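Reading the structure
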Amino acid sequence: MRLVVTGGNVSVIGRAIHALSRIGEDCYLEALDDGLAVRTVNSSRSAFASFLFAPAFFQKYDPGILNPASEADGSQSQKENFRCKIGMKSVLGVFKSPVTLEKTVEKCKMALGRGMDQLIIQLLCKFGITKTHNLAIQDSETLQAVYDKELCPNTLRVQPKLLTDTVVHFPTNLEEVTLEVKGRRVYFRNYIEPDTDPRKTMQTEMVLTPMEFDEFSVKDQTEITFCLKGAEVTVFRGQFPNLLGLLQKPGSPGRFTHGLPSGKRGCGASA
């Protein structure tokens, strides 16, 4: 498995890693035929986020590794796609500052170590400086959310800046927010436990109209509550444009996908 990223695309990966680190403690990498998937999930498995970097994003993209079974019995060599789980803190140590990466790093190389127990990441910087990081692979497993987008009756397409400007009115220590789609309106309000006395609790509510969305298709009334912290980082941040939200009934996950330039795609799902 060998991947090469050049120029500003290195900092894009860095920003994706930083976004995922706000959700989960482990980073799942899987080199697929249609791109490199970088994923994570929170401890309660209620929020899942994934970035997919298409082969066109890389200067070189070779996702395969030699199958150990075919190598051992002397049969014809077969390759299988690389996948692994690495501690998020280890990956963050490589991509510490996206701004610094953009200014100093010219090329990033990723390859599997000879013992197949390490992921080697090299940062080729200006002035001939090379930084090599050997990250221990914890496990060879994949992570994928089980989700059928065809079951979603409601579709909302919007620029993330609108949602960022909406949630900024909520308290900074707010943990959960409720999104309700009702009629021709979208409501954002801070979540309040059912047994809470409304006279002793302040409720903030923001209302958006269809005119503020790029696409507004609502067939069923929907109300979902999700963690604001995770959504703020991976969904509402304006650095990844063109947000598409697919919403189901309460208790089912909501799916949010960013359409990105240059072969990048990110999505997150939260219940």
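This report concerns the structure included in the present document.

Rules and cut-offs
- Within every chain, residues take consecutive numbers counted from 1 along the sequence as written.
- The predicted origin of the model limits local features to residues at a pLDDT of at least 70 and limits the giving and counting of side-chain atom pairs to 80 or more, whereas totals for whole chains, interfaces and linings rest on all residues.
- Values reported for side chains reflect all heavy atoms of the structure, with hydrogen atoms and water molecules removed beforehand.
- Paired strands, in this sense, are two strands between which DSSP finds at least two bridges.
- Runs of H or I in DSSP of at least four residues are treated as helices and runs of E of at least two as strands, each being numbered from the N terminus.
- Angles here are taken between N-to-C directions and fall from 0 to 180 degrees, while the axes themselves are lines fitted to C-alpha atoms, restricted in helices to the stretch in contact.
- Whether two residues are in contact is decided by their heavy atoms, any of which lying within 4.5 Å being enough.
- Within this document, salt bridges are pairs made up of a side-chain nitrogen of Lys or Arg and a carboxyl oxygen of Asp or Glu, the two lying within 4 Å of each other.
- Three exposure classes are used, based on accessible area relative to the maximum for each residue type with a 1.4 Å probe and protein chains only: buried under 20%, partly exposed in between, and exposed over 50%.
- Defined by distance alone, a disulfide is two cysteine sulfur atoms within 2.5 Å.

Considerations on the sheet that holds strand 14 (residues 185-190)
Sheet architecture is open: four strands sit in the order 15-14-13-17, paired in antiparallel fashion. Each edge of the open sheet is held by one strand with a lone partner, namely strand 15 (205-208) and strand 17 (222-227). In this sheet, adjacent strand axes meet at a mean angle of 20° when their direction is disregarded. In this structure, strand 13 (residues 176-182) lies alongside strand 17, joined through six bridges in antiparallel fashion. Bridged to V181 within strand 17 is T222. Sheet strands in contact with helix 5 (residues 160-167) are strand 14 and strand 15, and its direction is about 155° off that of strand 15.

Section: the sheet that holds strand 1 (residues 2-6)
Pairing is antiparallel in the open sheet, where five strands are placed in the order 5-1-9-10-11. What marks the edges here is a single partner per strand, and that holds for strand 5 (60-62) and strand 11 (130-136). Averaged over all adjacent pairs, the angle separating strand axes in this sheet is 15°, with direction ignored. As defined by bridge partners, strand 9 (residues 105-112) adjoins strand 10 (residues 118-125) across seven bridges and the pair is classed as antiparallel. Of the residues in strand 10, the one forming a bridge with K109 is Q122. Across the sheet, helix 1 (residues 9-21) lies against strand 1 and strand 9, angled at about 105° from strand 1, the strand it touches most.

Some words on the pattern of salt bridges
In this structure the tally under the stated criterion is five salt bridges. Where K161 meets D165, a salt bridge forms, and the shortest distance between an N and an O atom there is 3.0 Å. In this pair, K161 and D165 are both assigned in helix 5, four residues apart and thus about one turn of the helix distant. Accessibility expressed as a relative area gives 54% for K161, which makes it exposed. For D165, a relative accessible area of 37% gives the class partly exposed. With a shortest N-O distance of 2.9 Å, R189 and E180 are connected by a salt bridge. Judged by relative accessible area, R189 falls into the buried class, the value being 15%.

Some thoughts on the state of the cysteines
Covalent bonding between the sulfur atoms of two cysteines is what defines a disulfide. Overall, the coordinates contain zero disulfides when judged by the stated rule. Take C108: it sits in no disulfide, and the sulfur closest to it among the cysteines is that of C125, at 9.7 Å. A relative accessible area of 1% means that C108 is categorised as buried.

Everything listed here is a matter of coordinates, which is why it stays silent on function.
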